[in-house]
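Notes for the structure review
Each chain, letter by letter, is given below.
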There are 2 protein chains.
Amino acid sequence: MDEVPGSVGTSASFSLRLGQTMFASASLLFMSLGVEFYSYTAFCYLVTIMGLLIPWSFTLALVDGYSVLVKCPIRQPGILLIIVVGDWVLSTLTLAAACSTASVVNLLLNSHGPFCPPKFCSRYQISAVMAFLSWFLSLASSLFNLWLLPSL
Amino acid sequence: MDEVPGSVGTSASFSLRLGQTMFASASLLFMSLGVEFYSYTAFCYLVTIMGLLIPWSFTLALVDGYSVLVKCPIRQPGILLIIVVGDWVLSTLTLAAACSTASVVNLLLNSHGPFCPPKFCSRYQISAVMAFLSWFLSLASSLFNLWLLPSL
């Protein structure tokens, strides 16, 4: 069986997972520290999803790191299927959260109301960008593992 | 080769495509007829994506109808790959548009401002629901065709 770069148990996958954890944590921190995010549904949703994505990616990063160290990649089709489906569901939810946040920030910026002091709005924007980046990395993980699945 | 229900050239696929076209048209009509959708970025984005999804689904509905009538389904891997990728890209964009619209409508409803007369807001909500339904059907088409792809 040939090794697919980016599938579970390779160093590329380890980097992808670390990137996901990093971007998701950054998104969560920019959104939740010191600003009143809970007054907007979309921002609460983003915080919830990031709270799901961070432990998932971090756990799989640990598994990848262990697999790389002991040079024994995971090749059970059942486990791989769970990882692919979990990644796919989480990346869909992350995309939804990122789009919602981005559109709400855009509306707040354009409405010229008293909603959004400039300091807060730029933090919301950075949070949305980080969420998009973690969506992209999560999708990449899912596709690489899906590519490996039929060869098992 | 066994027939996968829902893949290109079957009657199930024809129904899926008709459903996509119908829901996308309903979403477009509810959003664009008589309301000032162009003052919100998210609503303009929804209208753009629905304008892409409708001709795509309608063309593939015609292809499916023709294939069912002449009993000769399409089985070229190249064409199938284009359809899978196109469906997947369009379903991602539709999900993004639906989430953006839903979150903006939610914000407009909760902010108690002068933005959103109740008559318009309920039309925006119906439009978002229709967009979610067309996302779901488009994703189903993409998955059925992806399932068929490795067997070619």
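Residues numbered from 1 in each chain as written. Chains lettered and ligands numbered in written order. Predicted model: local features only at pLDDT ≥ 70, side-chain atom pairs only at ≥ 80, totals over all residues. Heavy atoms only, no water.

**Things to note about the overall build of chain A**
Helices and strands together make up the secondary structure of chain A, namely four helices and zero strands. If you list the helices and strands of chain A from N to C, you get α-α-α-α. When its C-alpha atoms are laid out on the principal axes, chain A stretches across 60 × 25 × 20 Å. Considering only residue pairs separated by 6 or more positions, chain A has 83% of its internal contacts joining residues 24 or more positions apart. Total accessible area computed for chain A in this model is approximately 7,400 Å², and 76% of it derives from carbon and sulfur atoms. (Helix = DSSP H or I, 4+ residues; strand = E, 2+ residues; numbered from the N terminus. Contact = heavy atoms within 4.5 Å. Areas by Shrake-Rupley, 256 points an atom, 1.4 Å probe, with all protein chains shown as cover.)

**Thoughts on the interface of chain A and chain B**
Of the residues lining the interface, 19 residues belong to chain A; the matching set on chain B comes to 19 residues. Between chain A and chain B, a total of about 1,400 Å² is buried, with carbon and sulfur atoms accounting for 81% of that surface. Taken together, the links from chain A to chain B amount to five residue pairs in polar contact (both at pLDDT 80 or more). For the side of chain A that touches chain B, the secondary structure elements donating two or more residues are helix H2 (41-70), helix H3 (77-110) and helix H4 (118-148) of chain A. Looking at which element gives the most residues to the side of chain A that touches chain B, the answer is H3 of chain A, with twelve residues. Considering only residue class, the side of chain A that touches chain B consists of 13 nonpolar, six polar and no charged. (Buried area = accessible area lost by both parts, 1.4 Å probe. Polar contact = N/O pair within 3.5 Å; in protein donor to acceptor, adjacent residues only side chain to side chain. Nonpolar A, V, L, I, M, F, W, Y, C, P; charged D, E, K, R; others polar.)

**Some points on the confidence of the model for chain A**
Per-residue confidence for chain A gives a mean pLDDT of 86; residues scoring 70 or more make up 93%. Both confidence scores are given for the complex: pTM 0.87, ipTM 0.83. (pLDDT = per-residue confidence, 0-100.)

**Re the relation of the copies chain A and chain B**
The two copies are related by a screw motion: chain A maps onto chain B through a turn of 180° and a shift of 0.0 Å along the axis, at an RMSD of 0.0 Å. What the rotation and shift describe, once combined, is the action of a two-fold rotation axis. Scanning chain A for the C-alpha nearest the rotation axis identifies Ser100 of chain A, at a separation of 2.3 Å. (Least-squares fit on C-alpha atoms with pLDDT ≥ 70 in both.)

**Considering the packing of H2 of chain A against H3 of chain A**
Residues and elements named next belong to chain A. Put simply, H2 and H3 touch, their axes get as near as 9 Å, and they point 150° apart. Our classification of the angle between H2 and H3 gives roughly antiparallel. Our pair here, H2 against H3, has a crossing hand that is left-handed. Grouping the amino acids of the contact of H2 with H3 by side-chain chemistry returns 20 nonpolar, four polar and one charged. (Axes fitted to C-alpha atoms, helices over the stretch in contact; angles between N-to-C directions. Parallel < 35°, antiparallel > 145°, perpendicular 65-115°, else oblique. Left-handed = near helix turned anticlockwise from the far one by under 90°.)

**Looking at helix H2 (residues 41-70) of chain B**
The periodicity of an α-helix, 3.6 residues per turn, causes residues three or four positions apart to be oriented the same way. With 30 residues, H2 of chain B ought to run about 44 Å at 1.5 Å a step, and its terminal C-alpha atoms sit 44 Å apart, in line with that. Looking one or two places after H2 of chain B, you find Lys71 of chain B, whose phi comes out positive at around 55°. (Expected span 1.5 Å × (residues − 1).)

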